[in-house]
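What follows is each chain in one-letter form.
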Amino acid sequence: MISFEHRILSEYRIKIAKIETLAKSIMTHHNPKGEEVKGASEFLDVLITETDKFYENNSTILSNNGKRPHARSRLPETKEWNDNVERFYENNPRRRPRK
């Protein structure tokens, strides 16, 4: 049986992967000023706002497991989130992402 915490982490990982894939396809598109790209960038905005809401709703679980808001996120990082993430990496130094 999958725990609620694992489900939240997996869903967040999937949302981030969708954002990264769409952003990469927009950047490498052969016609960067076409209607296709404009529609895709609008959809990217929708995905980002959806992911921000998801992070706000589940911020305690995500920050306690070392997850910060996505780099394209419009959320301001709070002190509580940063403290939780740093505490997680102090306890699990091998899981810290490389810079």
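The structure we're discussing is the one just above.
Presented here is a report on the structure given in the accompanying data block. (Residues numbered from 1 in each chain as written. Predicted model: local features only at pLDDT ≥ 70, side-chain atom pairs only at ≥ 80, totals over all residues. Heavy atoms only, no water.)

Some details on the packing of aromatic side chains
Scanning all chains against the criterion turns up four aromatic pairs. Measuring from ring centre to ring centre gives 5.7 Å for Tyr12 and Tyr55, while their planes differ by 55°; the resulting arrangement is tilted. Taken together, the residues span a long stretch of sequence, with Tyr12 in helix α1 (residues 4-27) and Tyr55 in helix α2 (residues 35-57) at a distance of 43 residues. Like Tyr12, the residue Tyr55 is buried in the burial classification. Here the aromatic rings of Phe88 and Tyr89 are separated by 5.4 Å at their centres, their planes lie at 65°, and the arrangement is edge-to-face. Like Phe88, the residue Tyr89 is buried in the burial classification. Three or more aromatic residues joined by ring pairs make a cluster, and in this case those are Tyr12, Phe54, Tyr55 and Trp81. Its end group placed over the ring of Phe54, Lys15 keeps NZ or CZ at 5.3 Å from the ring centre. (Phe/Tyr/Trp six-rings, centres within 6.5 Å; stacked < 30°, edge-to-face > 60°. Helix = DSSP H or I, 4+ residues; strand = E, 2+ residues; numbered from the N terminus. Buried < 20%, exposed > 50% of the residue type's maximum accessible area, 1.4 Å probe, protein only. Lys NZ or Arg CZ within 6 Å of the ring centre and 35° of its normal.)

Quick look at the pattern of salt bridges
Enumeration over the complete set of coordinates arrives at five salt bridges. One salt bridge connects Arg7 with Glu11, and the closest N-O pair in it is separated by 3.6 Å. Taken as a pair, Arg7 and Glu11 lie in helix α1 at a separation of four residues, close to a single helical turn. Its relative accessible area of 44% is what places Arg7 among the partly exposed residues. Lys79 is the salt-bridge partner of Asp83, the closest N and O atoms lying 3.3 Å from each other. (Salt bridge = Lys/Arg side-chain N within 4 Å of Asp/Glu carboxyl O.)

A look at the side chain of Asn84
One can find Asn84 in helix α4 (residues 79-91). Asn84 gets classed as buried once you look at its relative accessible area, which sits at 9%. Polar side-chain contacts of Asn84 include one of 3.1 Å to the side chain of Ser63. Excluding residues that lie within four positions of it along the chain, Asn84 makes contacts with Ser63 and Asn64. (Polar contact = N/O pair within 3.5 Å; in protein donor to acceptor, adjacent residues only side chain to side chain. Contact = heavy atoms within 4.5 Å.)

Notes on the packing of α1 against α2
It is at 10 Å that the axes of α1 and α2 come closest, and there the two elements cross at 160°. Viewed along their axes, α1 and α2 adopt a mutual orientation that is roughly antiparallel. Remark: the crossing between α1 and α2 carries left-handed chirality. Residue-level inspection shows Ile8, Glu11, Tyr12, Lys15, Ile16, Lys18, Ile19, Leu22, Ala23 and Ile26 of α1 in contact with α2, the latter providing Val37, Ala40, Ser41, Phe43, Leu44, Leu47, Ile48, Glu50, Thr51, Phe54 and Tyr55. The class makeup of the residues in the contact of α1 with α2 is 15 nonpolar, two polar and four charged. (Axes fitted to C-alpha atoms, helices over the stretch in contact; angles between N-to-C directions. Parallel < 35°, antiparallel > 145°, perpendicular 65-115°, else oblique. Left-handed = near helix turned anticlockwise from the far one by under 90°. Nonpolar A, V, L, I, M, F, W, Y, C, P; charged D, E, K, R; others polar.)

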